[in-house]
Every structure is written in structure tokens, then in C-alpha cells.
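Residue-level structure breakdown
What follows is each chain in one-letter form.
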Amino acid sequence: MQIWRDVADVPADLGASVVTVGNFDGVHRGHRVVVARARARADELGLPLVLVTFDPHPMSVLRPDHAPSMLTTVEERAALLADAGVDHVLAVPFDLDVAAWTPQEFVDRVLVAVLHARAVVVGANFRFGHRAAGDVAFLREAGRVAGFEAEGVELDGGPQVWSSTYVRTCLAAGDVAGAAEALGRPFAVRGVVVRGDQRGRELGYPTANVPTDGLTAAPADGVYAGRLRRLDTGEVHPAAISVGTNPTFHGERERRVESYVLDRDDLELYGVEVEVEFVERLRGMVAFDGVEALLVQMADDVRRARELLGG
């Protein structure tokens, strides 16, 4: 798998390819249907499969106030896409110049001149080009002239149409089980563990703290059962996870993902990159009257997390 960060980075000797295009944020089950069809076409033609995405998300350039929080980074997407059968990823830097490309310019500059597309597979609702003027019908006609076949694939998942927006809606409601159903895997966040205020350690529940930001999606504030994975060693630990700002303690404002690895107080994780995986929501975030009430609730959270995770 290669990640090309610009059309100029694509090797001149790439030759013909099969291409799929879209944001593919989260690489959910609908995305995988499209990729599977594109992989099948690539195998039929004996060609590599190249996925074209955009970085940053177009909305962050065109309407920053309405830009969605991202479910995955380009690197995380690439890893998931490689598992799904994609050979290479071209992450086109999205700016106002690219936003001004007509659909025909995108076809000519990327699909034809750079990737030498023989087949293009996209979601049935795919739109592209300036003011989203291009669609699957346009691709088919452009392909007829340029020498590639184009097709749109439905992303339906039974009664639910899988989409990145649907996953974000689930997360905003704390429904990590619903998000996992759409993704085909538990939702997870990644980050480097930072030193916190040590309050969890003082209470007997030391936590690995990963800050969140508005650019990256995270579940609604609350307490969850899940797992923490060290990305340096691959070790996986069951955990009770808190997302929020610790409302019981005044002055806390930074939103964090805090993971207490069940029954472990000997782990040194500062500076370690981890992946925190959410399995089930235990409860919403509550401001308790005092430390004693909080401790009673934390003990119950840990008990329930252990039961859910089979620990």
C-alpha cells in the first residue's frame, strides 16, 4: 500500500488502474461494498485498485462551520482500506483551486491523465466537481469518451443506508453499539497518552488520558466499556472508559478520553500511542455531590464493564 499525497506523487509508470473515489471516512460497511465491487473489477482486468480521497474533508474548506468531525485520519483509512483490498490511496489535497474544478477537469486531470482509469466504481449517490455538478451518469458518459467504464453501487445495509453521517449520529447519542454495526467493527479513537491531573490514581483508578479535539469524532460524554490497545506492542486490555470533562471536579474544561485498564495499576503508558475501542455505553456523564458517591459509582462502572467484556 502506498499513500500518494498529491497527483504529482503518483509514479509515471503506474499504468492502467481501476479507481474508486470518495471520502471513505470511517470505512464503514457501505464503503466496503463499493471497495469489494471495485476489487472484483480490478481482479477481472488484472489491474491495481487505486482509491482517491480528499484531505482535508471538502466541507472544512468550503463551509468550515459545517465541517464534520472525522472518524478516521488518512493513515487510518489507508490501513482499513488495505485490509479491504485497496492497493494504493491517492489523497488529493483539497483547496479552493481543486474545489473549482469542473467534473470534466477532475476526470481529465486525475482519472485519465494520472491514473489511466480503465474502470471507475463509486457509490450510487456520488457527486463531484464544482458545485457537485458531476454524478454517476456524467462519469459514465465521460468514461465512454475517455475509454473507461463507470458504475455506481448502492450502499444500503438492509433498512439502514450506511453512511459516515449515520455513524456520527450514533456517536453523538452515545450509541457505540449502533456505530459498530455500521462500521463492521467497534469505533475507536487513537492518541498519545498524556499526563493528567493524577486524580484517577489518587482515587484508586489510574487512567490513560488521551485528549480529544473538535476535528476528530468521539462518542458523547459518558462512561463506556471497551478496550485499550498499545500500538507499540499490540497488547490489548479491557477497560472502563470515561469521555468528558469530569464535571464532579470544578475547573475541568478539557474534554478527554480516560481509560482505566481493569484491575491494573502498574501500567506506564505516558507517551505511548494507544487505540481506545468502545464496546458498550454504561451511563451518561453525571456530576456527583462528592468523592464518596463518585467512588461508589466508579466501582459499579468497573463491575459492569468487567461483566460486559467477559473479564
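Our subject is the structure listed above.
Below is a summary of the structure that appears in this document. (Residues numbered from 1 in each chain as written. Predicted model: local features only at pLDDT ≥ 70, side-chain atom pairs only at ≥ 80, totals over all residues. Heavy atoms only, no water.)

**Here we look at the packing of aromatic side chains**
Within this structure, the stated rule accounts for nine aromatic pairs. Both rings, one in Phe128 and one in Phe138, keep their centres 6.0 Å apart while their planes meet at 70°; by these two values the pair is edge-to-face. Note that Phe128 is positioned in the loop between β5 (117-123) and α6 (136-146) and Phe138 in helix α6, a separation of ten residues in sequence. For Phe128, a relative accessible area of 6% translates into the label buried. Under the relative-accessibility criterion, Phe138 is labelled partly exposed at 27%. Three or more aromatic residues joined by ring pairs form one cluster here, namely Phe54, Phe94, Phe106, Phe126, Phe128 and Phe138. (Phe/Tyr/Trp six-rings, centres within 6.5 Å; stacked < 30°, edge-to-face > 60°. Helix = DSSP H or I, 4+ residues; strand = E, 2+ residues; numbered from the N terminus. Buried < 20%, exposed > 50% of the residue type's maximum accessible area, 1.4 Å probe, protein only.)

**Overview of the pairing of strand β3 (residues 49-55)**
Judged by how many residues are buried, β3 sits mostly within the fold: six of seven residues are covered. As judged from the six bridges shared by β3 and strand β4 (residues 88-93), these two strands associate in the parallel manner. Residue Asp55 lies in a different strand from β4, and its bridge partner there is Pro93. (Pairing = 2+ DSSP bridges.)

**Let's talk about the sheet that holds β4**
The strand order β1-β4-β3-β2-β5-β6 describes an open sheet built from six strands, whose pairing is parallel. Sheet topology places β1 (2-4) and β6 (149-153) at the edges, where each strand pairs with a single neighbour. Averaged over neighbouring strand pairs, the angle between their axes works out to 25° when direction is ignored. Both strand β2 (residues 17-21) and β3 contribute to a ladder of four bridges, which runs parallel. Residue pairing in the sheet places Val18 in a bridge with Leu49 of β3. Sitting on the sheet, helix α1 (residues 29-45) touches β2, β3, β5 and β6, and the angle it makes with β5 is about 165°. (Axes fitted to C-alpha atoms, helices over the stretch in contact; angles between N-to-C directions. Contact = heavy atoms within 4.5 Å.)

**Considerations on helix α3 (residues 74-84)**
Along α3, the residues that are buried comprise Val74, Glu76, Arg77, Ala78, Leu80 and Leu81. On its buried face, α3 is in contact with β1, α1, β3, β4 and β9 (188-192). At the exit of α3 stands Gly85, carrying a positive phi of roughly 115°.

**Thoughts on the layout of surface pockets**
Empty space within the largest pocket amounts to approximately 1,000 Å³. Contributing to the lining of the largest pocket are 41 residues, with Gly22, Asn23, His57, Phe126 and Arg127 lying nearest its centre. Of all the secondary structure elements, the ones that give two or more residues to the lining of the largest pocket are α1, α2 (58-62), α4 (96-99), β5 and α7 (164-172). Residues that form the lining of the largest pocket fall into these classes: 24 nonpolar, twelve polar and five charged. Taken as a whole, the second largest pocket holds about 270 Å³ of empty space. Lining the second largest pocket are 16 residues, with Leu80, Arg185, Pro186, Ala188 and Glu275 positioned closest to its centre. Secondary-structure elements contributing two or more residues to the lining of the second largest pocket are α3, β9 and β14 (273-284). (1 Å grid on protein atoms, 1.4 Å probe; cavity = no way out; pocket = protein on both sides within 12 Å on 5 of 7 lines; lining within 4 Å. Points joined across faces, edges and corners; volume = space filled by probe spheres on them. Nonpolar A, V, L, I, M, F, W, Y, C, P; charged D, E, K, R; others polar.)

**Thoughts on the side chain of His88**
Within the fold, His88 resides in strand β4. Under the relative-accessibility criterion, His88 is labelled buried at 17%. Polar side-chain contacts of His88 include one of 3.4 Å to the backbone nitrogen of Gln2. Among residues more than four places away in sequence, those in contact with His88 are Met1, Gln2, Trp4, Leu49, Val50 and Leu51. (Polar contact = N/O pair within 3.5 Å; in protein donor to acceptor, adjacent residues only side chain to side chain.)

**A short note on the sheet that holds β9**
The six strands lie next to each other as β9-β14-β11-β12-β13-β10, forming an open sheet whose pairing is antiparallel. The open sheet terminates on both sides in strands that have one partner only, identified here as β9 and β10 (208-211). Taken pair by pair, the neighbouring strands of this sheet meet at an average axis angle of 35°, ignoring direction. Pairing of strand β11 (residues 222-230) with strand β12 (residues 236-244), which is carried by eight bridges, proceeds in the antiparallel orientation. Within β12, the position partnered with Gly226 by the bridge is Ala239. Along the sheet, helix α8 (residues 176-183) makes contact with β11 and β14, crossing β14 at roughly 130°.

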